[in-house]
There are 2 protein chains.
Amino acid sequence: MSEGSLEGLIDALRRLPGVGVKSAQRMAYHLLQHDRTGAERLALALQHAVSHVHHCERCHTFSEARVCATCLDPQRDARQLLVVESPADQAALERSGSYRGLYFVLMGRLSPLDGIGPADIGVHPLLDRASDGVVQEVILATGFSAEGEATAHVLAAALKARGLSVTRLARGVPVGSELEYVDLSTLAHALHDRR
Amino acid sequence: MSEGSLEGLIDALRRLPGVGVKSAQRMAYHLLQHDRTGAERLALALQHAVSHVHHCERCHTFSEARVCATCLDPQRDARQLLVVESPADQAALERSGSYRGLYFVLMGRLSPLDGIGPADIGVHPLLDRASDGVVQEVILATGFSAEGEATAHVLAAALKARGLSVTRLARGVPVGSELEYVDLSTLAHALHDRR
């Protein structure tokens, strides 16, 4: 067995989310045995990202520029501001091709059990951003998990207190679903919000 | 969305075994949002391991020295040589505390479908190692998967042709098992190899 460097690598890999000691070992062995180029490339990519990727001043998503390309895009409708939990959610909405307004990325969601409160997810920056006089509608697109719903609830109250118009993504039956396999809570919402 | 560095990091993370695009995104976002120290530490650990970890000249396991500590240990019985597929398997046997001989780590197993033949898993170095005049017994401890069995079969033939004594780990019922839940093939082996 090796001493030091290999154990250090396994420890460092374990800090990745979803990686336990077995996966970290497998990753370390794989990189050292079959993909040393990949290991070097990953090291450089990590260092480059840590030193270059910051947060967009306006929407808080990851960006190398002070203000991200989306926020600077003059083609987008600055009257709509859509609030998501993460850049991944933002990317999913962009792929849907059905939204042309601007974004605000919370970079988290309320989770009192994990000690994540309103300050940690940038509620005040959102209120400032939404009060720029241009934004007319704030669309809350946090997840429909318990934490996502709680986050939307807190944000809606704070935004409405500032006199802003707030909407929430529709709940309902997913496209392509058979009704008999849809959970009861979703069916109840779909029935209530029928149109 | 960011441009460049973030995508580069996600691409580099995808080269890790078992990591798809969703996990790579989650890892990248997690590191940049919550654990930049961890990202820097991982980068250094990767570079350090790539430049310091090589293979032991005698047993082929990962080692920072030319010959690993296990091979140099005078307390170990040099008459026994146990052949495993990977350092993880070696570590598992060490934890069992029931083996005091030396090791040879194949760093792989025969897998013709993946183009991995005898040369790729160091059959010749193993034959040279086992023919040092000191080794009296070669214990084949490759896995009991189809590839592991095939590897053991090929190695046994080559080692016996050199007049070496070859044994294989016992197959049988795992400790703590209820017989009714043990698969039929294992039961058949356990019955055949009864003692």
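None of these values were measured; they are calculated from a predicted model.

Reading the values: the criteria
Residues numbered from 1 in each chain as written. Chains lettered and ligands numbered in written order. Predicted model: local features only at pLDDT ≥ 70, side-chain atom pairs only at ≥ 80, totals over all residues. Heavy atoms only, no water. Salt bridge = Lys/Arg side-chain N within 4 Å of Asp/Glu carboxyl O. Buried < 20%, exposed > 50% of the residue type's maximum accessible area, 1.4 Å probe, protein only. Pairing = 2+ DSSP bridges. Helix = DSSP H or I, 4+ residues; strand = E, 2+ residues; numbered from the N terminus. Right-handed = clockwise from strand over helix to strand, strands pointing away. Phe/Tyr/Trp six-rings, centres within 6.5 Å; stacked < 30°, edge-to-face > 60°. Lys NZ or Arg CZ within 6 Å of the ring centre and 35° of its normal. Least-squares fit on C-alpha atoms with pLDDT ≥ 70 in both. Contact = heavy atoms within 4.5 Å. Arc of directions from axis to C-beta.

Peer 1: I'd love a proper account of the pattern of salt bridges, names of residues and values included.
Peer 2: Residues and elements named next belong to chain A. For the structure on display, the rule yields 16 salt bridges over all chains. A salt bridge links Arg-66 to Glu-57, with the nearest nitrogen and oxygen atoms 2.9 Å apart. Relative accessible area serves as the criterion here: at 62%, Arg-66 is assigned to the exposed category. A relative accessible area of 49% places Glu-57 in the partly exposed class.

Peer 1: Give me the lowdown on the pairing of strand S3 (residues 77-84) of chain B, citing residues and values where you can.
Peer 2: Residues and elements named next belong to chain B. Pairing analysis gives 5 bridges linking S3 to strand S4 (residues 101-105), with the strands arranged parallel. When the sheet's bridge partners are listed, Val-83 is paired in S4 with Phe-104. In this view, the connection linking S3 to its parallel neighbour S4 by way of helix H5 (residues 87-96) has right-handed handedness. With 4 bridges connecting them, S3 and strand S5 (residues 137-140) associate as parallel partners. Residue Leu-82 lies in a different strand from S5, and its bridge partner there is Ile-139.

Peer 1: I'd like to hear about the packing of aromatic side chains, residue by residue, with values.
Peer 2: Under the criterion given, the structure shown has 4 aromatic pairs over all chains. Ring geometry for Phe62(A) against Tyr29(B): centres 5.7 Å apart, planes inclined by 25°, an arrangement best described as stacked. Remark: Tyr29(B) occurs in helix H2 (residues 21-34) and Phe62(A) occurs in strand S2 (residues 62-63); the pair is interchain, linking two chains. Ring geometry for Tyr99(B) and Tyr103(B): centres 5.2 Å apart, planes at 70°, overall edge-to-face. Take Tyr99(B): its relative accessible area is 9%, and that puts it in the buried class. Residue placement shows Arg168(A) over the ring face of Phe144(A); its charged tip is 4.1 Å from the ring centre.

Peer 1: Which residues make up the relation of the copies chain B and chain A, and what values go with them?
Peer 2: For the pair chain B and chain A, the relating rotation is 180°, the translation along its axis is 0.0 Å, and the fit reaches an RMSD of 0.0 Å. Such values leave the two copies arranged in the relation of a two-fold axis. For chain B, the residue whose C-alpha comes nearest the rotation axis is Ala43(B), separated from it by 2.0 Å. Comparing interface residues between copies, 98% of those in chain B also sit at the interface in chain A, which points to an isologous, same-surface contact.

Peer 1: Quick one: what's the story with H5(B), residue by residue and with numbers?
Peer 2: Taken together, the buried positions of H5(B) are occupied by Pro87(B), Gln90(B), Ala91(B) and Leu93(B). Viewed end-on, H5(B) has its buried residues packed into an arc of 165°, placing them on one side of the element. Buried residues belonging to H5(B) abut helix H2 (21-34) of chain A together with strand S2 (62-63), helix H4 (69-72), S3 and S4 of chain B. A positive phi of about 70° marks Gly97(B), the residue just after H5(B).

Peer 1: Residues and numbers for the pairing of strand S6 (residues 165-168) of chain B, please.
Peer 2: Residue and element names in this part refer to chain B. With 4 bridges joining them, S5 and S6 adopt parallel strand pairing. Looking across to S6, one finds that Leu-140 is bridged to Arg-168. Each parallel crossover has a hand, and for S5 linked through helix H7 (residues 146-161) to S6 it is right-handed.

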